[in-house]
Structure formats: C-alpha cells, structure tokens
Amino acid sequence: LLLLGLNREISEASDENSAPWMLYAAADHLNSVTYSIRLLQSEEKGHDLLQLTKLNLQVGLMAAGKTAYATASKYLLLALRDLEHQTSGDMWSRRHYNLTLQLYQTYSNVELSQGHFDFGRRLAEQVLRNATKIEDTLQTRVALARALGRESNHVESLRVSEDALRKIGMYSSGRVALLCSLTRNYFFIKKYLRTHTDEDILSLPLLDDNIQLIGMELMLNSADQSFYVGDILRMMVSSSDELDLCCSSKLWANY
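Residues numbered from 1 in each chain as written. Predicted model: local features only at pLDDT ≥ 70, side-chain atom pairs only at ≥ 80, totals over all residues. Heavy atoms only, no water.

When you go through the chain residue by residue, the secondary structure sums to 13 helices and 0 strands. Going residue by residue from the N terminus, the α and β elements of the chain occur as α-α-α-α-α-α-α-α-α-α-α-α-α. Per-residue burial for the chain yields a buried fraction of 45% across its 255 residues. For the chain, restricting intrachain contacts to residue pairs at least 6 apart in sequence, the fraction spanning at least 24 positions comes to 66%. Looking at the chain as shown, the accessible area adds up to about 13700 Å², and 55% of this sits on carbon and sulfur atoms. (Helix = DSSP H or I, 4+ residues; strand = E, 2+ residues; numbered from the N terminus. Buried < 20%, exposed > 50% of the residue type's maximum accessible area, 1.4 Å probe, protein only. Contact = heavy atoms within 4.5 Å. Areas by Shrake-Rupley, 256 points an atom, 1.4 Å probe, with all protein chains shown as cover.)

Attention shifts here to the side chain of Ser73. Here Ser73 shows up in helix H5 (residues 69-87). Residue classification places Ser73 among the buried positions, given a relative accessible area of 11%. Here the side chain of Ser73 touches Glu111 through a polar contact of 2.5 Å, side chain to side chain. If near-sequence neighbours (up to four positions away) are discounted, Ser73 is found in contact with Tyr107, Val110, Glu111 and Gln114. (Polar contact = N/O pair within 3.5 Å; in protein donor to acceptor, adjacent residues only side chain to side chain.)

Interaxial distance between helix H8 (residues 138-150) and helix H9 (residues 154-167) falls to 7 Å at its minimum, and their mutual angle equals 160 degrees. Classified by the angle their axes make, H8 and H9 are roughly antiparallel. Once H8 is placed against H9, the crossing between them reads as left-handed. Of the residues in H9, those in contact with Leu138, Arg141, Ala145, Leu148 and Gly149 of H8 are His154, Glu156, Ser157, Val160, Ser161, Asp163, Ala164 and Lys167. Of the residues in the contact of H8 with H9, the class split is 5 nonpolar, 4 polar and 4 charged. (Axes fitted to C-alpha atoms, helices over the stretch in contact; angles between N-to-C directions. Parallel < 35°, antiparallel > 145°, perpendicular 65-115°, else oblique. Left-handed = near helix turned anticlockwise from the far one by under 90°. Nonpolar A, V, L, I, M, F, W, Y, C, P; charged D, E, K, R; others polar.)

This brings us to the packing of helix H6 (residues 97-113) against helix H7 (residues 117-130). One can describe the packing of H6 onto H7 by two numbers: an axis separation of 8 Å at closest approach and a directional angle of 150 degrees. The angle between H6 and H7 falls in the class roughly antiparallel. Note on packing geometry: the crossing formed by H6 with H7 is left-handed. Seen from H6, the contacting residues are Tyr97, Leu101, Tyr104, Gln105, Tyr107, Ser108, Glu111 and Leu112; seen from H7, they are Phe117, Phe119, Gly120, Arg121, Leu123, Ala124, Gln126, Val127 and Asn130. In terms of residue class, the contact of H6 with H7 is made up of 10 nonpolar, 5 polar and 2 charged.

Right, let's talk about the nonpolar core for a bit. Leu76, Leu80, Leu103 and Tyr104 are the most contacted members of the largest nonpolar core, which has 21 residues in total. Where this core is concerned, the elements lending two or more residues are helix H4 (48-65), H5, H6 and H7. Broken down by element, this core gets its largest block of residues, 7 residues, from H6. If we skip the residues at most four places from it in the chain, Tyr104 touches Leu80, Glu84, Met91, Trp92, Leu123, Gln126 and Val127. (Core = buried A, V, L, I, M, F, W, Y, C linked by side-chain atoms within 4.5 Å.)

Following this line, the structure appears as structure tokens:
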C-alpha cells in the first residue's frame with residue numbers, strides 16, 4: 001500500500017513544468033514497478049495507468065527531440081502498452097483520441113527515423129486508418145514519405161507525397177497543368193525578386209500555418225523523389241511551388 005501511494009504521488013506530481021531530469025526519474029521509477037502492482041493501481045484508481053501513459057509519452061517526446069530515438073522507443077512502447085490495457089483496445093474513441101493520435105504519430109516517426117521501416121509503417125498506417133481529419137495525418141505522411149525515400153522506394157515515396165498534397169489542395173496533375181503551374185511560378189518569382197529588396201524578403205513574417213508548412217515539406221520531398229524517378233518537370237514544379245511559399249507572406253492568396 002505504501003508503494004502504491006508513493007507511485008501515485010510521483011505520477012500526479014510530474015507535469016510538463018517539472019525539470020527534465022525529474023520527469024525521467026519519475027518515469028523510470030514508475031516503470032520499474034512490476035506490472036501486477038501497476039495493474040492493481042489501475043483497478044484501485046482508474047486514471048493511474050493513463051497518467052503513466054501521458055508521462056511516458058512526454059518523456060518519449062523529450063528523448064525524440066534530442067534524437068535519442070532508442071531511448072524514446074523504450075518509453076513510447078510502455079506508453080502504448082499501458083494505453084492498450086487502459087482502454088481495452090478502444091484507443092481511438094473520442095475520449096482518448098488526442099492522446100492516441102499523438103502517441104502513434106510520435107512512435108511511428110521515431111521507428112521510421114531509426115530505420116525500423118516495417119514496424120514504423122504499421123504504426124503509421126494506424127494513424128492513416130483511424131484519424132478523423134486529414135490534418136491529423138499530414139505529419140505522419142511526411143515521415144512515411146521520407147522513410148520510403150531513404151529505403152530507395154522513390155516511386156512510392158513520390159506517390160505518398162503527391163497524395164497528401166492532393167488532399168490539401170496543393171497538387172497540380174497532368175502535364176498541361178504542370179506546364180501552366182511552372183510558367184505562372186516563373187513569372188511570379190521573377191517579378192517578386194525584381195520588385196523586392198533583400199531587406200523586404202528578410203522582413204517577411206514567419207510562416208505559421210501548419211498545413212502550409214507541412215505542404216512545403218511534402219513539396220521538397222516530391223521534388224527530391226521526382227529527380228530520382230526522372231520526372232524533371234515535376235521536380236521543377238515542386239521546387240518552384242515551394243519557392244512561391246517562401247516568397248509570399250500571404251501564401252497562395254497573393255496570386
């Protein structure tokens with residue numbers, strides 16, 4: 001009982017404002033408790049395992065942010081295991097949707113970054129299958145497209161990027177449309193650079209539209225993969241589209 005009470009106090013006292021070393025120490029201590037005792041906690045007070053899931057996710061995010069992917073995987077695996085138990089497999093319900101989404105997004109990205117492609121892709125597919133909004137899948141699509149490119153699967157990587165760009169309305173299909181887009185971009189960029197000084201460009205506000213930022217990442221990957229598959233026109237269009245976004249504070253509205 002003393003151990004259960006101590007674990008509960010540690011879990012509840014650990015929040016995002018705690019020092020990083022305190023979060024790691026709290027997570028390691030709580031994770032060291034045998035699973036049977038943690039299970040007893042969850043039966044005695046229903047949110048304890050969920051608290052620990054959030055703590056392991058938080059620590060996993062911290063480790064991933066420092067590119068300590070092996071460490072991040074350890075904590076994220078524990079978070080996923082506890083979440084599966086706590087929700088009885090119904091992780092994607094409305095009640096746990098945000099937590100589950102963030103956990104799968106982070107875990108898939110970490111595994112793909114380590115080169116664990118098969119497992120990372122299975123995690124990513126859970127996001128693509130269960131997410132309720134296209135916006136919730138975009139970061140996972142970027143990570144998956146990049147991983148496919150690293151695996152030299154350039155055709156599939158390009159397909160993933162183009163499919164995501166199509167879903168957010170930033171994709172031109174057909175050779176005629178590509179030529180029109182390239183021509184438009186050329187004249188826009190030429191005029192912009194002629195009429196704006198370096199100071200004007202450097203004073204542009206930072207892009208804070210998350211969808212547009214992810215769109216730029218997808219365009220960059222599309223340009224890279226188009227080069228490898230020999231589609232030079234697509235590569236030029238993707239590169240010019242990305243440059244357009246960099247040149248414009250109002251993004252596509254400037255057209």
